[in-house]
Amino acid sequence: SQELEQSPQSLIVQEGKNLTINCTSSKTLYGLYWYKQKYGEGLIFLMMLQKGGEEKSHEKITAKLDEKKQQSSLHITASQPSHAGIYLCGADWARGSQGNLIFGKGTKLSVKP
Amino acid sequence: GAGVSQSPRYKVAKRGQDVALRCDPISGHVSLFWYQQALGQGPEFLTYFQNEAQLDKSGLPSDRFFAERPEGSVSTLKIQRTQQEDSAVYLCASSLGLHTGELFFGEGSRLTVL
């Protein structure tokens, strides 16, 4: 969806390097979700952010939501081949929404050993 | 079951054929969603159920697409008179209820229309 832009579209990094993926919304977010998808598989939930300025971490992955709640970044420290996949951000824009998410087009991450 | 189960995993159909895709959500999950994912794109919302009620079908691309969840558990997505542009991965997701944060996705059904 153009309402939710992800950058970069693809990324190739050397194992051990840090990287950042960005997700920008055209309007204020109620919630922002990060998922990971491997080829031919479903989406695996990583993190959910709701509060402006919020930051969450899981293992070597950290996600932040900016104060205005229109942009989120996903940061991977010391990347490993197991981090390879497609990272998708999903937006929930309305407090009273039914819970369905609008997704970005994804960022394809490759990690070279 | 332990997770969301979808079948078939792969389906090849000739243009004009009808297809049915099945989703078994996690037991006890109230909400069920269908998404369509074209190659190289993010998932696009199709429709949403809360128990057996289809509360939103705004994402269904045409009247050839029909979804049901008659007993509030298993759901079927039916596509009539398939077209080549219907080729995509169809993802099913379930959640405990509204605003629970996490959607649990199945592995998807990959439909190829020849």
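Higher on the page you've got the structure.
Computed from a predicted model, the values in this text were never measured in an experiment.

### Thoughts on the overall build of chain A
Here's step 1: When you go through chain A residue by residue, the secondary structure sums to zero helices and 11 strands.
Here's step 2: Traced from its N-terminal end to its C-terminal end, chain A shows the element sequence β-β-β-β-β-β-β-β-β-β-β.
Here's step 3: On C-alpha atoms alone, chain A measures out to a radius of gyration of 13 Å, which is about the 13 Å that the 2.2 N^0.38 rule sets for 113 residues.
Here's step 4: Taken over the C-alpha atoms alone, chain A extends approximately 45 × 30 × 20 Å along its principal axes.
Here's step 5: Burial analysis of chain A (113 residues in total) assigns 47% to the buried set.
Here's step 6: Put simply, of all contacts in chain A between residues at least 6 apart along the chain, 54% involve residues at least 24 apart.

### Here's the deal with the overall build of chain B
Here's step 1: Secondary structure summary: chain B contains zero helices and 11 strands in total.
Here's step 2: When the helices and strands of chain B are placed in sequence order, the string is β-β-β-β-β-β-β-β-β-β-β.
Here's step 3: For chain B, whose C-alpha radius of gyration is 13 Å, the value lies close to the compact-globule estimate of 13 Å for 114 residues.
Here's step 4: Along the three orthogonal principal directions, the C-alpha set of chain B runs to about 40 × 25 × 25 Å.
Here's step 5: Relative to its full complement of 114 residues, chain B shows a buried share of 46%.
Here's step 6: Relative to all contacts within chain B whose residues are 6 or more apart in sequence, the contacts with residues 24 or more apart total 53%.
Here's step 7: Of the charged side chains in chain B, 11 are positive and 12 negative; the average position of the first set lies 8 Å away from that of the second.

### A few points about the state of the cysteines
Residue and element names in this part refer to chain B.
Here's step 1: Under the defined criterion, the tally for this structure stands at two disulfides over all chains.
Here's step 2: Two residues share a disulfide in this structure: C23 and C92, whose sulfurs sit 1.9 Å from each other. Because the torsion about its S-S bond is -65 degrees, the bridge between C23 and C92 counts as left-handed. Of this pair, C23 sits in strand β3 (residues 19-24) while C92 is found in strand β9 (residues 88-95), placing the two residues 69 residues apart along the sequence. Comparing C23 with C92, the two get one shared label, buried.

### Quick notes on the sheet that holds strand β1 (residues 4-7) of chain A
Residues and elements named next belong to chain A.
Here's step 1: The sheet built from five strands is open, its strands ordered β1-β3-β8-β7-β6 with antiparallel pairing. Lying at the two open borders of the sheet, with one neighbouring strand each, are β1 and β6 (55-58). Between one strand axis and the next, the sheet turns through 15 degrees on average, direction left out of account.
Here's step 2: Summarising the sheet, β6 and strand β7 (residues 61-65) pair through four bridges and their orientation is antiparallel. When the bridges of β7 are listed, K56 appears paired with A63.

### So, the interface of chain B and chain A
Here's step 1: Contacts between chain B and chain A engage 22 residues on the former and 25 residues on the latter.
Here's step 2: Interface area for chain B against chain A, summed over the two sides, is near 1700 Å², with a carbon-plus-sulfur share of 52%.
Here's step 3: Here chain B is connected to chain A by zero salt bridges.
Here's step 4: Where chain B meets chain A, there are three residue pairs in polar contact (both at pLDDT 80 or more).
Here's step 5: Mapped by element, the contributors of at least two residues to the side of chain B that touches chain A are β4 (31-37) and β5 (44-50) of chain B.
Here's step 6: Each residue belonging to the side of chain B that touches chain A can be placed in one class, and the counts come to nine nonpolar, seven polar and six charged.

### Observations regarding the nonpolar core
Here's step 1: Residues L19, L32, W34, L74, Y87 and L109 of chain A are the most contacted members of the largest nonpolar core, which totals 23 residues.
Here's step 2: Residue assignment for this core shows that the elements contributing at least two residues are β2 (10-14), β3 (19-25), β4 (31-37), β5 (43-49), β7, β8 (71-76), β9 (85-92) and β11 (107-112) of chain A.
Here's step 3: The residues touching L32 of chain A, leaving out its near neighbours within four places in the chain, are C23, M47, M48, L49, L65, S72, C89, G90 and A91 of chain A.
Here's step 4: Among the nonpolar cores identified, the runner-up in size contains 20 residues, and I26, F65, I79 and Y90 of chain B belong to it.

Reading the values: rules and limits
Residues numbered from 1 in each chain as written. Chains lettered and ligands numbered in written order. Predicted model: local features only at pLDDT ≥ 70, side-chain atom pairs only at ≥ 80, totals over all residues. Heavy atoms only, no water. Helix = DSSP H or I, 4+ residues; strand = E, 2+ residues; numbered from the N terminus. Rg over C-alpha atoms; globule rule 2.2 N^0.38 Å. Buried < 20%, exposed > 50% of the residue type's maximum accessible area, 1.4 Å probe, protein only. Contact = heavy atoms within 4.5 Å. Lys, Arg positive; Asp, Glu negative; His and termini not counted. Charge placed at Lys NZ, Arg CZ, Asp CG, Glu CD. Disulfide = S-S within 2.5 Å. Pairing = 2+ DSSP bridges. Axes fitted to C-alpha atoms, helices over the stretch in contact; angles between N-to-C directions. Buried area = accessible area lost by both parts, 1.4 Å probe. Salt bridge = Lys/Arg side-chain N within 4 Å of Asp/Glu carboxyl O. Polar contact = N/O pair within 3.5 Å; in protein donor to acceptor, adjacent residues only side chain to side chain. Nonpolar A, V, L, I, M, F, W, Y, C, P; charged D, E, K, R; others polar. Core = buried A, V, L, I, M, F, W, Y, C linked by side-chain atoms within 4.5 Å.

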